[in-house]
Amino acid sequence: MSKKTYLLQDPETGKRAELEVRDGTLGPSVVDIRSLYGELGAFTYDPGFASTASCESTITFIDGAKGLLMYRGYPVNQLAEKSSFLEVCYLLLHGELPATDELETFETTIGTHTMINETMLRLFNGFHHDAHPMAMVAGVVASMSAFYHDTTDINNPHHRDIFAHRIVAKMPTIAAAAYKHSLGQPFMYPRNDLNYAQNLLHMFFAVPAAEYEVNPIAAEAIDLLFILHADHEQNCSTSTVRMAGSSGANPYSAIAAGIAALWGPAHGGANEAVLNMLEEIGSVDRIQKYIAKAKDKDDSFRLMGFGHRVYKNHDPRATIIREVCHKVLKDLGRVDSPLFELALKLEEIALKDEYFVEKKLYPNVDFYSGIIYRALGIPTSMFTVMFAIARTVGWVTHWREMIVDPDGRISRPRQLYIGPAARDYTDIDKR
Ligand code: ACO
């Protein structure tokens, strides 16, 4: 059977390049352009890599038009309904769902790695109390290669496993340390009798002076949010992790790079931006003014938590999270609080507004996650940290895939240079 190819011709020289088309298991085919520069001396131009597949991957599949998201072939709605965050971590890292004993062993392994080196804890004292938690978390994660350099041989599969377990286990502890530092409260050590989400809540909200009981509604909601945020194929932060890691950098640095990328308001920082926006809008009667601002071409304001690069129909995570959001607000008796009333009204208005409907701008996962985190008492500045904790397993899984990819090379995009042509240096007295 002959392979499908694309034929590209240089209009000036008439030279041709035959480019092979490659099919994946699902999703659009890709045109393999690796020989293009050699054959025609031209690069491709694709700002934001919106049309470029940068790697082969077996981890996550998204069909933006159908609103489908699958981890290792399992639809995320099934995982959200039936699984737990740590089971999803196992699935992502190992490619298959665990048997009962495999899951127990994995949970124990993660449990035994939850503490962080005491010296590392002291790093937090170097930060101002009002430092943004994302800045502290990015800095401390980058420092982990200094604490755990016994396992940074990227070519050693055992080292890669230990790194994966360490970072997944320690992220909530690091996040909690950042939070406690910002409050000036004593750090709470992890408790391995609690599950991942319960332990996180304990480290965030318990104090040594009083008993603390984890709210099961909060723990369940966090576990679910973490499942939904665990991976999202080649998004900005994941591509950053792959790119940083492609140079052979130690994995902790690669994850720190991903955390930095996630922080941007067009990416994971949107959940924090949603709450800031709701506070700025302030009351239901001011919603229309902000809708008008979002539509105004001359105004840079965008409705935070609306729209998505890939999902132009609906975000399957948002569909699930919307229900959880409404349930959490009801269960915690917060439906009537003015901020949540405002959020729900904004959702209602934007879903009907012609501009948003026409441009397919639906509430995304960050719109609802921000509201849920607020209802659970998590401070706004910690929202993106929560996203980073959940996404760590996705970053690690992609990093591991990238390291063993036989086609893997250092990531090094090309450019279309539009700066000045060659010119001679002018002496300073002649400028
Ligand atoms: N509010 C108002 N208008 C919007 C919004 C918005 N939130 N999002 C997109 N638009 C408009 C754009 O102005 C553009 O209009 P035009 O066609 O008249 O020029 C059109 O919709 C398409 O927008 P693009 O920016 O081209 O879409 P892109 O796919 O590049 O961006 C993004 C997606 C970054 C998510 C964008 O929708 C946005 O900025 N949303 C707000 C931030 C946000 O919620 N980010 C979280 C993303 S989810 C995540 O990271 C987990």
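Note that this is a predicted model, so its numbers are computed, not measured.

Parameters at a glance
Residues numbered from 1 in each chain as written. Predicted model: local features only at pLDDT ≥ 70, side-chain atom pairs only at ≥ 80, totals over all residues. Heavy atoms only, no water. Near = heavy atom within 4 Å. Polar contact = N/O pair within 3.5 Å; in protein donor to acceptor, adjacent residues only side chain to side chain. Areas by Shrake-Rupley, 256 points an atom, 1.4 Å probe, with all protein chains shown as cover. Nonpolar A, V, L, I, M, F, W, Y, C, P; charged D, E, K, R; others polar. Helix = DSSP H or I, 4+ residues; strand = E, 2+ residues; numbered from the N terminus. Expected span 1.5 Å × (residues − 1). Buried < 20%, exposed > 50% of the residue type's maximum accessible area, 1.4 Å probe, protein only. Contact = heavy atoms within 4.5 Å. Core = buried A, V, L, I, M, F, W, Y, C linked by side-chain atoms within 4.5 Å. Pairing = 2+ DSSP bridges. Axes fitted to C-alpha atoms, helices over the stretch in contact; angles between N-to-C directions. Parallel < 35°, antiparallel > 145°, perpendicular 65-115°, else oblique. Left-handed = near helix turned anticlockwise from the far one by under 90°.

A word on the site of the ligand. Taken together, 22 residues are adjacent to the ligand, and Lys297, Arg302, Leu303, Gly305 and Lys359 come closest. For the ligand, a nitrogen atom lies 3.4 Å from a polar atom in the backbone of Ala266. One nitrogen or oxygen atom from the side chain of Tyr355 is found 3.0 Å from a nitrogen atom belonging to the ligand. In the complex, the protein chains occlude 76% of the 930 Å² of accessible area that the ligand would expose alone. Across the shell around the ligand, the residue classes tally to 11 nonpolar, five polar and six charged.

With 15 residues, helix α6 (residues 133–147) should cover 21 Å at 1.5 Å per step; its first-to-last C-alpha distance of 20 Å lies within 8% of that length. Every buried residue of α6 is listed here: Pro133, Met134, Met136, Val137, Ala138, Val140, Val141, Ser143, Met144 and Ser145. In the core, the buried residues of α6 are packed alongside α5 (118–123), α7 (157–183), α11 (251–262) and α18 (383–403).

Let us now look at the nonpolar core. If you look at the biggest cluster of nonpolar residues, it comprises 121 residues, and the most contacted ones within it are Val141, Ile222, Phe226, Leu278, Leu303 and Leu346. In terms of residues, this core owes the most to one element, α18, which gives 13 residues. With sequence-adjacent residues up to four places away left out, Leu303 is seen in contact with Met277, Ile291, Ala294, Leu346, Ala350 and Phe356.

Turning to the sheet that holds strand β3 (residues 30–31), a few remarks are in order. With antiparallel pairing, the three strands of this open sheet are ordered in space as β1-β2-β3. Every interior strand has two partners, whereas the edge strands, β1 (5–9) and β3, have only one. Where β1 and strand β2 (residues 16–22) come together, five bridges link them in antiparallel fashion. In the sheet register, Leu7 faces β2, and the bridge partner there is Glu18.

A one-sided burial pattern is seen for β2, the buried positions being Ala17, Leu19 and Val21 and the unburied ones Arg16, Glu18, Glu20 and Arg22. With two bridges connecting them, β2 and β3 associate as antiparallel partners. Note that in β3 the partner of Val21 across the bridge is Val31.

Below, the discussion takes up the packing of helix α9 (residues 216–229) against helix α17 (residues 365–375). Interhelical geometry of α9 versus α17 gives an angle of 160 degrees and a closest axis separation of 11 Å. Comparing the axis directions of α9 and α17 gives the class roughly antiparallel. The interaxial crossing formed by α9 with α17 has left-handed handedness. Between α9, through Ala221, Ile222, Leu225, Phe226 and His229, and α17, the contact on the second element is made entirely by Val365, Asp366, Ser369, Ile372 and Tyr373. Looking at the contact of α9 with α17 residue by residue, the class counts come to seven nonpolar, two polar and one charged.

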